[in-house]
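Each chain is listed here by its residues.
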Amino acid sequence: MRFGLGVLNVIKEICFANEIIIFARYTLMNKEDIMLAYTYIEHGKFELQEKARPEIKDSRDAIVRVTLGSICTSDLHIKHGSVLRAVPGITVGHEMVGVVEQVGANVTSVKPGDRVTVNVETFCGECFFCKHRYVNNCTDPNGGWALGCRIDGGQAEYVRVPYADQGLNRIPDTVSDEQALFVGDVLATGFWATRISEITVEDTVLIIGAGPTGICTLLCVMLKKPKRIIVCEKSPERIRFVREHYPDVLVTEPENCKDFVLKNSDHGGADVVLEVAGGDDSFHLAWDCARPNAIVTIVALYDKPQLLPLPDMYGKNLVFKTGGVDGCDCNEILKLIEEGKIDTTPLITHRFPLNEIEEAYRIFENKLDGVIKVAISGNK
């Protein structure tokens, strides 16, 4: 078979184009340039995928190699569709520690090689809200909870952290990755909730929910040394956990909670209530168990709207405090861990490598095998 010169030139151009495509694919698939990342595909579906490693986009960014991560209930809220601002295609996960690999030109607080915690929130440190420590309301376009929600998060081998000077905190040499794992999220949440609840040594404090955030809240409340701490929980396994690890804490179940609180308080109810469960009836239980003029702090993220029955509340004169965590206390929390005053390692009940994260989610989401928190180790 013979071809004319024009046809041969076309064939050469096609072959050359194919070589470029093959080269491009090879470059993209280079092991140094790709990573595993657990990805939000659509409502109800996450998937472990290969993605390009993140790169510095701004002089205030840092790239962190994730050494240990975890699964948060908020990740499940994304999966179940109750976080409408979550962006399909993003890498999920906002609870992690790691090692700084690269920093932008204007990053000064950390350097490559530092072990760091990663804050759940992105915040500029300069706007009105940041300067008043309301960092969850940072006015930056990616301010507040962005990682693993609106920008790629940390259930991956690497993560890009914007505003690294605010979002990263160096882990003391004597503190392990597991000890520091929850600093940037659930422990920061418990610390924030305790701080805004104005707890005194004369108070009876009721904590509703003994899940991971509830336990972290309990640990922070214990630092305030109130007169009594009552934990309300319905799971027998979590009740056993509280009784085993914190024997001085009183424990009750939801159906008996109000009577129990009335019997174990001085002024007709709890002085401070922290609602961490986010269940169908837990909001009602929170205000119902509070004494008049009490503080009720809503820590939970609900899947659906809650009723505020003002006629029933009339005369209780309650103070409600709500919101997402203002995670600006991470350095202080790390010092408390270093001093042995906070220990969250008993919460880690299961450990998996990143390539088995599907199984980790199955166990965590369905509350199997006594799970409280899962640690996910990086593959590199």
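Reading the values: the criteria
- Each chain has its residues counted from 1, running along the sequence as written.
- Totals for whole chains, interfaces and linings use every residue, but because this is a predicted model, local features are given only for residues with pLDDT of at least 70 and side-chain atom pairs only at 80 or more, for both listing and counting.
- Side-chain measures were taken over the full set of non-hydrogen atoms in the model, leaving aside hydrogen atoms and water.
- One side-chain nitrogen of Lys or Arg within 4 Å of one carboxyl oxygen of Asp or Glu is enough to make a salt bridge.
- The secondary structure listing takes helices from DSSP runs of H or I that are at least 4 residues long and strands from runs of E that are at least 2 residues long, numbered from the N terminus.
- Type-normalised accessible area, obtained with a 1.4 Å probe on protein chains alone, sets the label of each residue: buried when under 20%, exposed when over 50%, and partly exposed for intermediate values.
- Angles shown run from 0 to 180 degrees and are taken between the N-to-C directions of axes, each axis being a line fitted to C-alpha atoms and, for helices, limited to the stretch in contact.
- Reported orientations rely on four angle classes, namely roughly parallel under 35 degrees, roughly antiparallel over 145, roughly perpendicular from 65 to 115, and oblique for the rest.
- Every residue pair with non-hydrogen atoms within 4.5 Å of one another is taken to be in contact.
- Residue classes follow a fixed rule: Ala, Val, Leu, Ile, Met, Phe, Trp, Tyr, Cys and Pro count as nonpolar, while Asp, Glu, Lys and Arg count as charged, and any other residue, Gly among them, counts as polar.
- Looking at any residue, its pLDDT shows the predictor's confidence there, from 0 to 100.
- DSSP calls a pair of strands paired once it identifies at least 2 bridges connecting them.

Let's talk about the pattern of salt bridges
Counting across every chain of the model gives 21 salt bridges. A salt bridge links Glu365 to Lys79, with the nearest nitrogen and oxygen atoms 3.0 Å apart. Here Glu365 is found in helix H13 (residues 357–365), whereas its partner Lys79 is found in helix H2 (residues 73–79), with 286 residues between them in sequence. Residue class for Glu365 comes out partly exposed when judged on its relative accessible area of 25%.

A look at the packing of helix H6 (residues 186–196) against helix H12 (residues 330–338)
Close contact between H6 and H12 brings their axes to 10 Å; oriented N to C, the two are set at 100 degrees. As far as their axial angle goes, H12 and H6 are roughly perpendicular. Within the contact between the two elements, H6 uses Leu187, Ala188 and Phe191 and H12 uses Glu332, Ile333, Leu336 and Ile337. Among the residues making up the contact of H6 with H12, the classes are represented as 6 nonpolar, no polar and 1 charged.

Digging into the confidence of the model for the chain
Here the chain shows a mean pLDDT of 91. Residues at 70 or above account for 91%. Low pLDDT (under 50) marks residues 5–12, which in the prediction has 1 contact with non-local residues, meaning those over four places away or in another chain. Overall, residues 14–28 carries pLDDT values under 50, and its contacts beyond four positions in sequence, including any with other chains, amount to 3 contacts.

Details of the pairing of strand E10 (residues 204–208)
Within E10, 5 of the 5 residues are buried, which leaves it mostly tucked inside the rest of the structure. Across 5 bridges, E10 lies against strand E11 (residues 228–232) in parallel orientation. Across the sheet, Ile207 pairs through a bridge with Val231, a residue of E11.

Re the sheet that holds strand E13 (residues 270–275)
Adjacent strands of a sheet pair through backbone hydrogen bonds, lying either parallel or antiparallel. Strand order in this open sheet of 6 strands is E12-E11-E10-E13-E14-E15, and the pairing throughout is parallel. Sheet topology places strand E12 (250–252) and strand E15 (319–322) at the edges, where each strand pairs with a single neighbour. Across this sheet, the average inter-strand angle for adjacent strands is 20 degrees, counted without regard to direction. Bridge count between E10 and E13: 4 bridges; the pairing is parallel. Counted as the bridge partner of Ile208 is Glu275 from E13. Relative to the sheet, H6 contacts E13, strand E14 (290–298) and E15, its axis offset from that of E14 by approximately 150 degrees.

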